[in-house]
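Structure assessment
Each chain, written out:
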Amino acid sequence: MSRNAAVSRAGSEQALAVYQQLRTRPGTGFDQVADGLQLSADERERCREELASLGLTTSDRSGDRTVVDPDVALLRLLRRERDRLQERLAATSRAHTALEALAGPFLRAGATPRSEVEVEIVTDPQRVLRELTELTESVRTAVHVMHTGSVRREDMAAELDRDRCRAARGVRVRAMYSRRVGTVPEMTQHLADRAALGVELRLSPVVPMNMVLADENFALLPTDPHDPDSPTILARGPGLVRSYLALYEYCWQAASRYGEEPGGSGGGGAGDGLSDQQRAALHMLASGIKDEQIARSLGVSLRTVSRLLSEVMQELGAASRFEAGVKAARLGLLDGEGSEQGA
């Protein structure tokens, strides 16, 4: 034990001895008790200050010290510390408010966009349209779009207008559609019109969700990919948008170029005889999607999903779903290699 610690302990023991004497001998003064304990001048002063700081003794106007019960002293001490804490909190709050008012605008002005991520849930469809219009005017380099289904007839003209505006400003536009839209006459013409304006188009058996990405800094996508009427997520900031862009790039590489969709049976290898629907089910199976979700995505029953996957296993010569996934990966059926033989 250090000398200072030993002195402190001795002082506390002396203060305790003085306090006990003062309580057991009412009417006895502090100096009398100190004389009886043979305390030096320094020891007396130290005991006097310690008892006063703990609230165990109080001094009246004449200088005489009054003994306070321990429970009363404790309550007073706690109340005093609570008041001091509240004063510190109030002072901290005032300082924070002052700093925010003075430095806040400078901090926000100096913040780099790359460090910020903003996410907002938008429930108003008109707000989504306004965001798309503003995006067309502000985008600088590229726009990447996914469509799970056909574009509504009333929206086609507006989409073409956006394409013309972006093309005039040198903005790259990529759009990915579900392959089934190619069977809709109006969509067939709309895709041809977009391609004529320089839009890069690809078709895929499976498009996971509607999505709009721009400049690695803007994302628009649904809160529920299976419900097109669900609220929309509006996200800004590369820290988040780059993740969505990586998903888009994967889907883009796995899709077929517009006008170069694969035919029926090409080279006669394993997997060549799979239909688009079977390939879509295979992709989702390999991604770990459950049968119920596959059925919802394809718009078929659970029984049809089971039949499709059985046909896939038979075509690939696989004894299990897991083996079918492994063989599909080896054959390039999951990364776009198998779907672009005729490209």
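Higher on the page you've got the structure.
Residues numbered from 1 in each chain as written. Predicted model: local features only at pLDDT ≥ 70, side-chain atom pairs only at ≥ 80, totals over all residues. Heavy atoms only, no water.

A short note on the overall build of the protein chain
Secondary structure assignment for the protein chain yields 12 helices and 10 strands. Looking at the protein chain residue by residue over its 343 residues, the buried ones come to 34%. Across the protein chain, contacts joining residues at least 24 apart in sequence account for 65% of those joining residues at least 6 apart. Of the roughly 20,300 Å² of accessible surface on the protein chain, 52% is carried by carbon and sulfur atoms. (Helix = DSSP H or I, 4+ residues; strand = E, 2+ residues; numbered from the N terminus. Buried < 20%, exposed > 50% of the residue type's maximum accessible area, 1.4 Å probe, protein only. Contact = heavy atoms within 4.5 Å. Areas by Shrake-Rupley, 256 points an atom, 1.4 Å probe, with all protein chains shown as cover.)

Focus: the pairing of strand β7 (residues 211-214)
Burial along β7 is two-sided: the face carrying Met211 and Leu213 and the face carrying Val212 and Ala214 are both buried. Relative to β7, strand β4 (residues 142-147) is paired through four bridges, and the arrangement is antiparallel. Bridge pairing links His144 to Leu213 in β7. Looking at chain direction, β7 and strand β8 (residues 218-222) are connected through three bridges and run antiparallel. By the bridge assignment, Leu213 is partnered in β8 with Ala219. Hairpin geometry of β7 and β8 is characterised by an intervening segment of three residues between the two adjacent antiparallel strands and by a positive phi of about 55 degrees at Asp215. (Pairing = 2+ DSSP bridges.)

A look at the packing of helix α10 (residues 291-298) against helix α11 (residues 302-316)
It is at 9 Å that the axes of α10 and α11 come closest, and there the two elements cross at 100 degrees. Considering their axes alone, α10 and α11 lie roughly perpendicular with respect to each other. Contacts between α10 and α11 involve Asp291, Glu292, Ile294, Ala295 and Leu298 from the first element and Leu302, Val305, Ser306, Leu308 and Leu309 from the second. The residue inventory of the contact of α10 with α11, partitioned by class, reads seven nonpolar, one polar and two charged. (Axes fitted to C-alpha atoms, helices over the stretch in contact; angles between N-to-C directions. Parallel < 35°, antiparallel > 145°, perpendicular 65-115°, else oblique. Nonpolar A, V, L, I, M, F, W, Y, C, P; charged D, E, K, R; others polar.)

Focus on the sheet that holds strand β10 (residues 256-257)
Spatially, β3-β9-β8-β7-β4-β5-β6-β10 is the arrangement adopted by the eight strands of the open sheet, whose pairing is mixed. On the outer flanks of this sheet lie β3 (118-122) and β10, each paired with one strand and no other. Where helix α7 (residues 185-196) meets the sheet, it contacts β4, β5 (172-178) and β6 (200-204), and its direction lies at approximately 160 degrees from that of β5.

Notes on the environment of Arg202
Take Arg202: it is sitting in strand β6. With 52 residues separating them along the chain, Arg202 and Ala254 place their C-alpha atoms 9.4 Å apart. For Arg202, the side chain forms a polar contact with the main-chain oxygen of Trp252, separated by 2.8 Å. (Polar contact = N/O pair within 3.5 Å; in protein donor to acceptor, adjacent residues only side chain to side chain.)

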